[in-house]
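# A closer look at the structure
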Amino acid sequence: MHFSDCSAISLNRRHWIQWTAAASAVTAGRVMAQPLPASAPRNADGERPLVVAQVVDLTAGQQDISRDFLAGSRSAWQDLNARGGVRGRTVQHVTIETDGTLAGLKAAWQAVHGQAGCVALSGCVGNGAAAGLVALQSAARSASPLALVAPWLHNAVTDSEAETVFEVFPDHQIQIAHAIKTHASLGVKQIGVVFATAQVQQQSQVHVLQAAKSLGLQAQILPLAGTQGPAATQLTNPTQTIILFVGGTPELHAFASKLVAPPGRQCFVVALADVNLQVLAQMGGTPKGTSIIATQAVPLVTSSLPVVRAYRDALSRFFDEAPSPQGLAGFIAARYTAEILSGISGPVTRASALSALQRRADVNVGGYIVAYQGKKRSNAYVTQSMLTQDGRIIG
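Residues numbered from 1 in each chain as written. Predicted model: local features only at pLDDT ≥ 70, side-chain atom pairs only at ≥ 80, totals over all residues. Heavy atoms only, no water.

## Examining the overall build of the protein
To keep things clear, this is the line we draw: Under the DSSP-based scheme used, a helix requires at least four consecutive residues in state H or I and a strand at least two consecutive residues in state E, with every element numbered from the N terminus. Should any heavy atoms of two residues lie within 4.5 Å, those residues are considered in contact. Values of accessible area rely on a 1.4 Å probe in the Shrake-Rupley scheme; residue burial ignores everything except the protein chains shown.
Counting its secondary structure elements, the protein contains 12 helices and 17 strands. A fraction of 74% describes how many contacts in the protein between residues 6 or more apart in sequence connect residues 24 or more apart. A total of about 16,100 Å² of accessible surface is found on the protein, and carbon and sulfur atoms cover 55% of it.

## Some remarks on the sheet that holds strand E9 (residues 242-246)
Definition in use: The rule for pairing is simple: two strands pair if DSSP sees at least two bridges between them. Lines are fitted to the C-alpha atoms to define the axes, a helix being fitted only along its stretch in contact, and any angle between axes, read from their N-to-C directions, falls within 0 to 180 degrees.
If you trace the seven strands from one edge of the open sheet to the other, you get E8-E7-E9-E10-E11-E16-E17, paired in mixed fashion. The open sheet has two free edges, formed respectively by strand E8 (218-221) and strand E17 (393-394), since each of these has just one partner strand. Two elements, strand E11 (residues 290-296) and strand E16 (residues 383-387), share five bridges in a ladder whose sense is antiparallel. By the bridge assignment for E16, Ala294 is matched with Ser385. Sitting on the sheet, helix H8 (residues 249-256) is in contact with strand E7 (190-195), E9, strand E10 (267-271) and E11, with an inclination near 150° to E9.

## Overview of the packing of helix H2 (residues 63-82) against helix H11 (residues 325-342)
Put simply, the rule reads: Angular relationships are summarised with four words: roughly parallel below 35 degrees, roughly antiparallel beyond 145, roughly perpendicular across 65 to 115, and oblique for the angles in between. Each crossing is labelled by how the near helix is turned from the far one, with a counterclockwise turn of less than a right angle marking it left-handed and a clockwise turn marking it right-handed.
At their nearest, the axes of H2 and H11 sit 6 Å apart, and the two run at 40° to each other. It follows that H2 is oblique to H11 by the angle criterion. Our pair here, H2 against H11, has a crossing hand that is right-handed. Side by side, H2 and H11 meet where Ile65, Asp68, Phe69, Gly72, Ser73, Ser75, Ala76, Trp77 and Leu80 of the first sit next to Gln326, Gly327, Ala329, Gly330, Phe331, Ala333, Ala334, Arg335, Thr337 and Ala338 of the second.

## Examining the layout of surface pockets
Selection criterion: Method remark: on a 1 Å grid restricted to protein atoms, a set of points is classed as a cavity if a 1.4 Å probe fits but cannot get out and as a pocket if it is open with protein on both sides within 12 Å along at least five of seven lines; lining residues have an atom within 4 Å of a point. Grid points are joined across faces, edges and corners, and a volume is the space filled by probe spheres set on the points. Under this grouping Gly is polar, as are all residues other than the nonpolar Ala, Val, Leu, Ile, Met, Phe, Trp, Tyr, Cys and Pro and the charged Asp, Glu, Lys and Arg. Start and end points for every domain follow an automatic or database-based domain assignment.
As a volume, the largest pocket reaches approximately 640 Å³. Going through the elements one at a time, H2, helix H4 (127-139), helix H6 (198-214) and H8 are the ones with two or more residues in the lining of the largest pocket. Of the residues belonging to the lining of the largest pocket, the class tally is nine nonpolar, 14 polar and five charged. Mapped onto the domain boundaries, the lining of the largest pocket takes at least three residues apiece from domain 1 (50-170 + 301-377) and domain 2 (172-296).

## Digging into the packing of helix H3 (residues 102-113) against H4
Contact geometry for H3 and H4: axes closest at 10 Å, N-to-C directions at 60°. When the axes of H3 and H4 are compared, the pair comes out oblique. As H3 packs across H4, the resulting crossing turns out to be right-handed. Counting all contacts with H3, which are made through Leu105, Lys106, Trp109 and His113, the residues of H4 involved are Gly128, Ala129, Gly132, Leu133, Leu136 and Gln137.

## Let's talk about the environment of Ala116
How we decide: The cut-offs for exposure are 20% and 50% of the maximum accessible area for each residue type, with area from a 1.4 Å probe on protein chains only; residues under the lower value are buried, those over the upper are exposed, and the others partly exposed.
Within the secondary structure, Ala116 sits in the loop between H3 and strand E4 (118-122). Residue Ala116 is classed as exposed on the basis of its relative accessible area, which comes to 71%. Spatially, the C-alpha atoms of Ala116 and Val51 are 9.3 Å apart, while their sequence positions differ by 65 residues.

## Points about the packing of aromatic side chains
Stated precisely, the cut-off is as follows: Any two of the Phe, Tyr and Trp rings considered here, Trp counted by its six-membered ring, make a pair once their centres fall within 6.5 Å; the pair's planes then place it as stacked at under 30 degrees, edge-to-face at over 60, or tilted in between.
Tallied over the entire structure, the rule returns six aromatic pairs. An angle of 65° between the planes, with centres 5.8 Å apart, marks the rings of Phe69 and Trp152 as edge-to-face. Of this pair, Phe69 sits in helix H2 while Trp152 is found in the loop between strand E5 (148-149) and strand E6 (165-166), placing the two residues 83 residues apart along the sequence. Each member of the pair, Phe69 as well as Trp152, is classed as buried. Geometrically, the ring pair formed by Tyr368 and Tyr381 is stacked, given 5.7 Å between the ring centres and 15° between the ring planes. Remark: Tyr381 occurs in the loop between strand E15 (376-377) and E16 and Tyr368 occurs in strand E13 (residues 368-370); sequence separation between them is 13 residues.

Okay, structure coming up:
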């Protein structure tokens, strides 16, 4: 487990992947709880900076999502501090990198909760890490609970979990419904469905079948990605021209690179927000006759919304990176957290932050509206982009 402060650095994608691969190899072998930084420069008025923590899973299967998400969050906090922080106080953004294991997550969670100066967990990523933190939050009986704000979660939280977990992004069920609805409107009657792993299938199959049924579509579950033998023919030569793929970028690349489109027809592979089209384009190998569409839990990165413009501007100043939906999600997570902290009357503490979040007031984050009905999100911002055969991304 590795702790680092938010600093103004410039890393390109190749250097970051090399660095995180090495870091993951180290942390996977040994996970220890470490204290958060105990000392930090004081503001001009003598107050210490506010501490906001972010747990990030940078293992190989999560790298392409977590890395961009973290860069977006860091850009937001650095931009905020350059503009004066929260009510004149600098925000110390502490990132905690884990190996994604239960032991690693528990060590990170305990370290954060043991730091009295930490007022919130914000934008924890990827899905496995965020879900593990939700479970730890739910099982804990802390006298000073810590809010988990805008995590990258695929499944909606329960009412009891929602006491300390505050969703911002649409979950897989909403994304799946959006993806299927788009093609149902074009007269498609049947889609194939491929899950990256048995675990992903267990988590998402019910949602896929429910969404398809509600739209009058037949969803045929195909063999798991990577299946060998005779069954693999259903993956390389599917009879359906629309394939819903549920999994990450590496698994999608392995699946899509072997696809053989039906003669004279275009094959569309529809993925969800855990797929990074920029990384997929760099990996190459999309076969002729196949286009890949990815749903996104945020506005298009080419949108004119103020929050998107702010993200692109901050990213260009602090990181040598191209904009991505996952990076925009990290930026929105940090900006939403900052909006909540800025609106607190009185001292900004762990308790006051949790209380402000529990009110679930509507927040306009530069045109991205976060709204709730009771404890559930009442809005779902889902968009789509397409990776064409010639490597262009069209939103």
